[in-house]
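# Report on the structure
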Amino acid sequence: MPKIYELLGYPVSDDSPEVIESRKRAFCPFISDTCDGGGNRYMSDIDLKEHLELRECFPGMTRVPSGVCSIQISDGASPWIICPRRLLYMGRKADEAIIKGETQTKLLEKCNYPNGTLVGIWAEAKVKYANEDDDTDTSAFDYTFDYVMMPLGRVSKTEALEATGLEWRALQKNLRDSGHTFALRNGETYIEDFPIGNPVIIEVMTSSTSGGNKRKRSCIPQAFKDCMLGKHHLAPGINYRQVWARMASQLIVKSQAAMAWNGKTIWVLQDLLADYISSSTALDLKKFISEHTDEVNILAFSYGNNYKQPENAKTVSLSDSTLYAGPIRSNNGKDVQPCFQDIVLASVCPPKNVLITALTKKTLANRLTV
């Protein structure tokens, strides 16, 4: 029967004083802040005014997210991660997170930024584009990226206008609203922390659950409540097909877009999902194991055997990782190579200035030096 494996950052079995105190604050060690339910599971939040018994577990709080990090389908099996924060977090408090140096470090290695590069990170960056100059062209691009990473630098007003294709009034408003600063030097306006260079798009793909059964109390909020209270609990299962379908619909499109901008996309997921993809589709990822990135990139992390004997007061390490990388299209010659062409290509890729314009509207999620 499916059970919760990790609750608010730590294995359910961990009842050390440090972890008990951490759970009272609904603290997430992966984001170094109060759990946000993974950022998109607001329907699973619990109103503590309606659950007085659970309220005693979270003194001083009125609402609490259902902080389920991972689910173990059966005894002894490797857990499935269902919270994207547990797999990879690159937001504003990443430098403070307890697990800094694990998945973030491995990801940055694959980005190949020169040492000392100042990199900007934007979360949930939406890029929308349609060719307004051609009424007969119905192609469109409308996607949101989990994270966009680009080197930061000081640029002149002239350079910023050229990069975005905007008029100064519109660009200035975007920059001010997103927290940028300006400096006047020798009569020229300069903008600090402007996106320059080539982007790395990061997509974090964790597993979906089957939804659960209210009668059996296997819905996420019910499982969370029962687990927090030390009762027998039953968690929902994993919806393997939905996870793969969600990823497949965007894998090539987002990779193709990054290539059009002289960058790359890296999909971050768990080894269990990579194995499922290989076993249920014609795409055998084992043929794409690589040390270097390519047109399509998948970075898969694994618990290894760390989940079997977790240490108290410590998060379980995702110490193992594998990079799968390869071309979108197969060679047209006689020697046909494996590729990721099984998924439909994007109908259109917007110009790079559309991406930069979208980023100027967003406040930086983080700044770091690598």
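Please refer to the structure higher up on the page.
One structure accompanies this document, and this report is about it. Predicted, not measured: the structure shown is a model, and the values here were computed from it.

Another aspect to go through is the pairing of strand S15 (residues 296-302). By the criterion of burial, S15 is predominantly enclosed, with 7 of the 7 residues buried. The two faces of S15 match: Val296, Ile298, Ala300 and Ser302 on one face and Asn297, Leu299 and Phe301 on the other face are all buried. Handedness of the crossover joining strand S14 (residues 264-270) and S15 through helix H9 (residues 271-280) is recorded here as right-handed. One ladder, built from 7 bridges, connects S15 with strand S16 (residues 320-326); its direction is antiparallel. Across the sheet, isoleucine 298 pairs through a bridge with tyrosine 324, a residue of S16.

So, about the packing of helix H8 (residues 240-260) against H9. Two numbers describe how H8 lies on H9: the axes approach to 11 Å, and their chain directions differ by 85°. Here H8 is positioned roughly perpendicular relative to H9, judged by the angle of their axes. Here Tyr240, Arg241, Val243, Trp244 and Met247 of H8 lie close against H9, whose contacting residues are Leu273, Tyr276 and Ile277. Here the contact of H8 with H9 is built from residues that sort into 7 nonpolar, no polar and 1 charged.

What follows covers the sheet that holds strand S8 (residues 80-81). Taken in spatial order, the 4 strands line up as S2-S1-S7-S8 in an open sheet, and their pairing is antiparallel. Unpaired on one side and paired on the other, strand S2 (10-11) and S8 mark the two borders of the sheet. Taken together, the 2 bridges between strand S1 (residues 3-7) and S2 define a ladder with antiparallel strand orientation. Paired with glutamate 6 across the bridge in S2 is proline 11.

If you trace the backbone, leucine 107 turns up in helix H4 (residues 103-111). By relative accessible area, leucine 107 is classed as buried at 0%. Along the backbone, leucine 107 and leucine 299 are 192 residues apart, and their C-alpha atoms lie at a distance of 7.7 Å. Leaving out residues up to four positions away in the same chain, leucine 107 has contacts with Leu88, Met90, Ile202, Ile266, Val268 and Leu299.

Across the 9 residues of helix H10 (residues 352-360), 7 count as buried, placing the element largely inside the fold. For H10, every residue scored as buried is listed here: Val354, Leu355, Ile356, Thr357, Ala358, Leu359 and Thr360.

Right, let's get into the side chain of aspartate 271. Following the sequence through the fold, aspartate 271 ends up in helix H9. Discounting residues that sit within four places of it in the chain, aspartate 271 has contacts with Ala300, Phe301 and Ser302.

Along S14, 7 of the 7 residues are buried, which leaves the element largely enclosed by surrounding structure. What you see with S14 is no split at all: Lys264, Ile266, Val268 and Gln270 on one side and Thr265, Trp267 and Leu269 on the other are buried throughout. Two elements, strand S13 (residues 200-204) and S14, share 5 bridges in a ladder whose sense is parallel. What sits directly across from valine 200, in S14, is lysine 264. Both S14 and S15 contribute to a ladder of 5 bridges, which runs parallel. By the bridge assignment for S15, valine 268 is matched with leucine 299.

Basis of the calculations
- Residues numbered from 1 in each chain as written.
- Predicted model: local features only at pLDDT ≥ 70, side-chain atom pairs only at ≥ 80, totals over all residues.
- Heavy atoms only, no water.
- Buried < 20%, exposed > 50% of the residue type's maximum accessible area, 1.4 Å probe, protein only.
- Helix = DSSP H or I, 4+ residues; strand = E, 2+ residues; numbered from the N terminus.
- Right-handed = clockwise from strand over helix to strand, strands pointing away.
- Pairing = 2+ DSSP bridges.
- Axes fitted to C-alpha atoms, helices over the stretch in contact; angles between N-to-C directions.
- Parallel < 35°, antiparallel > 145°, perpendicular 65-115°, else oblique.
- Contact = heavy atoms within 4.5 Å.
- Nonpolar A, V, L, I, M, F, W, Y, C, P; charged D, E, K, R; others polar.

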